[in-house]
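# Structure at a glance
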Amino acid sequence: MAVQKGLNLGVILFIVSEALFFLAIFWAFFHSALTPTVELGAQWPPIGIEPVNPFELPLLNTVILLSSGATITYAHHSLIQGGRKGALYGSVATVLLAIIFTGLTYHPRILFGIAGLIKRSKNSYSSFNISSCTLFRKNTYGFCSSSIGSFNNHSLMCNSNRSYTTTTERLNLKDSGLSPFWVSGFADAESTFVLKISKGSTSRSGWNVIPEFKIELHVRDVILLRKIHSFFGVGTVSERGTRNTAIYSVQSARTIADVIIPHFDRYPLNTQKRADFLLFKRGVDLLLNGKARSSIEGIKNIVSIRASMNNGLTDTLKINFPNIIPVPRPIVSFDGIPDLNWLAGFVDGEGYFYVKSIQSSKYSSGYSVSLVFSVSQHVRDEGLLTKFIEYLGCGKIERASTRPDSVNFTVYRFNDIKDKIIPLFLNHPLQGIKYRDFCDFSEVVNIMETKGHFTPEGLKRINSLKSGMNNQRENK
């Protein structure tokens, strides 16, 4: 009798502990979902995370959980009635369902994050419940509460084809194979620092502010974004199928302050984008101090900073904050190229390798072949491109009449390309898809150096290489 009471008390305590466990799970989930913190980007779900269709894997897990309750109940009643075979079959079926449930719980698409940690803890516990109930039911008439585990239906998953895990731990920089100077050069060309301001009921000021550092490229360069993600060790990489683009993004103010800002303080940007970075840094400091979200005055300070960044304020912000005075934009001067890896990163973003092949009666082949290496930039950074001429000892500055706001550093002379440009990027390699353009460009240089472009075979090879470079490559 004492043993029976002990078993009954054990089952009761087991059920109470599970109820408290799920109370903690719901508490953790709703705490993050209803009031997302700045570290989560002040939004739920965080960027790159998509809620799972409840009629797919979650529905299957629920069916398995309910089925396990039915099979263990069948085993229990068979045991009471002395049906040894029914008890055995029911118990085996329950254990198999527990194994299947556990396997689905650790499906590779499950997110390793706040929601994923909650989900894994809960589902592992539910799997244990199924197995432990199997053992308990052979000795007592207690009941199993595995049906509570259906909470897993509402957990979040990461689409493995579209996004990658966020982590707050720095990875070994050797894993990415990128020079920190290259990263800063590429960020000078392709990155964006932005303070996203939108109306929101979750903050006392009525406005939400999300800082974001992002790099958006064509989807064919998604591998390069993964390298950058590995370099920083934080953020997410996601793909936008409708736009054929991939984005590396960091939206946590704390992570930006701990990882992104220190990097660009140590390895500075050299274009006018550094002014945007310095303003961005001020905005992040205000967010972390709590002054920007607690009052309308704090929001106005952020808006004043935003007004001097990038393209200024949106029409919505202009309407809601009509009397905002932009803060003075920092003055940025170019002091010289700090490292050739910075130049390689910058060219990876803004450089262009081009082969011209036009009909000409001056040559026996009937065609004239010439090479162009260029770097394009906004006219405000003309001073930087002018320094390229001094640094590389070649090239000139050009402006296109069709693009009055842009300026180009261009190299045409074959010997300059062969003796200066090609060796530069052989010693300091490009990292993105542009590296393949450089390889094709280099092969054309080799053909021209041996006068192969005057032969039908050489000309055919050059035209073949040209047809697969730059914008044509994405279709191949």
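I will try to describe carefully the structure that is included in this document. From a predicted model like this one, the values you see are computed outputs, not experimental measurements.

To continue, consider the packing of aromatic side chains. Within the structure shown, the criterion is met by 27 aromatic pairs. Among the aromatic residues, ring-to-ring pairing joins Phe193, Phe213, Phe231, Phe232, Tyr248, Phe264, Phe277 and Phe280 into one connected group.

Moving on: empty space enclosed by the protein. Counting across every chain of the model gives two cavities of 30 Å³ or more. Considered as a void within the structure, the second largest cavity measures approximately 40 Å³ in volume. Forming the walls of the second largest cavity are Leu343, Val347, Phe373, Val375, Phe388, Leu392, Phe409, Ile421, Leu424 and Phe425. Those elements that place two or more of their residues in the lining of the second largest cavity are α11 (340-350), β8 (367-378), α12 (382-392) and α13 (414-427). Here the element with the most residues in the lining of the second largest cavity is α13; it accounts for three residues. Residues of the lining of the second largest cavity, tallied by class, amount to 10 nonpolar, no polar and no charged.

Bringing a nonpolar patch on the surface into the picture now. A cluster of nonpolar side chains, contributed by Leu9, Ile12, Leu13, Val16, Leu20, Leu23 and Trp27, occupies part of the molecular surface with about 770 Å² of accessible area. Position of Leu9 relative to the elements: it lies in helix α1 (residues 2-34).

The next subject is unusual backbone geometry. Of note, the phi angle at Asn310 is positive, near 50 degrees, even though the residue is not glycine. Along the chain, Asn310 falls in the loop between α9 (296-307) and α10 (315-320). The phi angle at Lys451 is positive, at roughly 65 degrees, despite the residue not being glycine. By the element assignment, Lys451 lies in the loop between α14 (434-449) and α15 (456-467). A relative accessible area of 52% places Lys451 in the exposed class.

Moving on to the pairing of strand β6 (residues 245-250). Within β6, six of the six residues are buried, which leaves the element mostly enclosed by the surrounding structure. Pairing analysis gives six bridges linking strand β4 (residues 207-218) to β6, with the strands arranged antiparallel. When the sheet's bridge partners are listed, Glu216 is paired in β6 with Ile247. Sheet analysis places strand β5 (residues 236-240) next to β6, joined by five bridges and oriented antiparallel. From the neighbouring strand, Glu239 faces β6, where its bridge partner is Ala246.

With respect to topology, four strands assemble into an open sheet ordered β7-β8-β10-β9, the strand pairing being antiparallel. Of all strands in the sheet, those bounded by a partner on one side alone are β7 (351-359) and β9 (396-400). Taking each pair of neighbouring strands and ignoring which way they run, the sheet shows an average axis angle of 40 degrees. Note: β9 against strand β10 (residues 403-411), four bridges, orientation antiparallel. Counterpart to Lys396 in the pairing with β10 is Thr410. Contacting β8, β9 and β10, α12 crosses the sheet at an angle of about 10 degrees to β10.

Cut-off values and rules
- Residues numbered from 1 in each chain as written.
- Predicted model: local features only at pLDDT ≥ 70, side-chain atom pairs only at ≥ 80, totals over all residues.
- Heavy atoms only, no water.
- Phe/Tyr/Trp six-rings, centres within 6.5 Å; stacked < 30°, edge-to-face > 60°.
- 1 Å grid on protein atoms, 1.4 Å probe; cavity = no way out; pocket = protein on both sides within 12 Å on 5 of 7 lines; lining within 4 Å.
- Points joined across faces, edges and corners; volume = space filled by probe spheres on them.
- Helix = DSSP H or I, 4+ residues; strand = E, 2+ residues; numbered from the N terminus.
- Nonpolar A, V, L, I, M, F, W, Y, C, P; charged D, E, K, R; others polar.
- Patch = residues over 30% accessible without salt bridge, like charges linked within 9 Å, V, L, I, M, F, W, Y side chains within 5 Å.
- Areas by Shrake-Rupley, 256 points an atom, 1.4 Å probe, with all protein chains shown as cover.
- Salt bridge = Lys/Arg side-chain N within 4 Å of Asp/Glu carboxyl O.
- Buried < 20%, exposed > 50% of the residue type's maximum accessible area, 1.4 Å probe, protein only.
- Pairing = 2+ DSSP bridges.
- Axes fitted to C-alpha atoms, helices over the stretch in contact; angles between N-to-C directions.
- Contact = heavy atoms within 4.5 Å.

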